[in-house]
Amino acid sequence: SGTTVGKGFQGPMKRWGFGGQPATHGVTKKHRSHGSTGQCAAPGRTFKGKKMAGRMGGVRRTVRNLRVLRVDAARNLMFLKGAMLG
């Protein structure tokens, strides 16, 4: 496991893979926004867990299927093959 690379504050397109809005047909300065955030008067709030813009990366993740090439006990090193975090 390791810490992923921090990417700072990112919009919903990069963070969640949202498709965005069209470049024409009346859309003005909203091309990369997330769109609607909820319903109307009922329930009158945004539900927890809504995918919105925010900080991305910099979290602890476990990487599977890494191959251990060799272990150097004298220098306390482990040589891995695969996509390691960080």
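The text that follows walks through the structure, step by step, so that each part is easy to find. Since this is a predicted model, take the numbers as computed values, not measurements.

Looking at the overall build of the protein chain
Regarding its fold elements, the protein chain presents 1 helix and 6 strands. In the protein chain, the order of α-helices and β-strands from amino to carboxyl end is β-β-α-β-β-β-β. Projecting the C-alpha coordinates of the protein chain onto the three principal axes gives extents of approximately 65 × 30 × 20 Å. Sorting the 86 residues of the protein chain into buried and exposed places 8% on the buried side. Put simply, 51% of the contacts in the protein chain that link residues at least 6 apart link residues at least 24 apart. As presented, the protein chain carries roughly 7,300 Å² of accessible surface, and 52% of it is formed by carbon and sulfur atoms.

Here we look at unusual backbone geometry
The omega angle of the peptide bond from Ala42 to Pro43 is 5°, so this bond is cis rather than trans. In this structure, Pro43 sits in the loop between helix H1 (12–16) and strand S3 (54–56). The backbone of His25 shows a phi angle near 60°, a positive value even though the residue is not glycine. Tracing the backbone shows His25 in the loop between H1 and S3. By relative accessible area, His25 is classed as exposed at 77%. Despite not being glycine, Lys29 shows a phi value in the positive range, around 55°. Looking at the secondary structure, you find Lys29 in the loop between H1 and S3.

Quick word on the pattern of salt bridges
Side chains that differ in charge, positive against negative, can pair when their charged atoms come close. Within the structure shown, the criterion is met by 1 salt bridge. Between Arg75 and Asp72 there is a salt bridge, with the nearest N and O atoms lying 2.8 Å from each other. A residue is classified by how much of its surface remains accessible, and Asp72, at 17% relative accessible area, is buried.

Basis of the calculations
Residues numbered from 1 in each chain as written. Predicted model: local features only at pLDDT ≥ 70, side-chain atom pairs only at ≥ 80, totals over all residues. Heavy atoms only, no water. Helix = DSSP H or I, 4+ residues; strand = E, 2+ residues; numbered from the N terminus. Buried < 20%, exposed > 50% of the residue type's maximum accessible area, 1.4 Å probe, protein only. Contact = heavy atoms within 4.5 Å. Areas by Shrake-Rupley, 256 points an atom, 1.4 Å probe, with all protein chains shown as cover. Salt bridge = Lys/Arg side-chain N within 4 Å of Asp/Glu carboxyl O.

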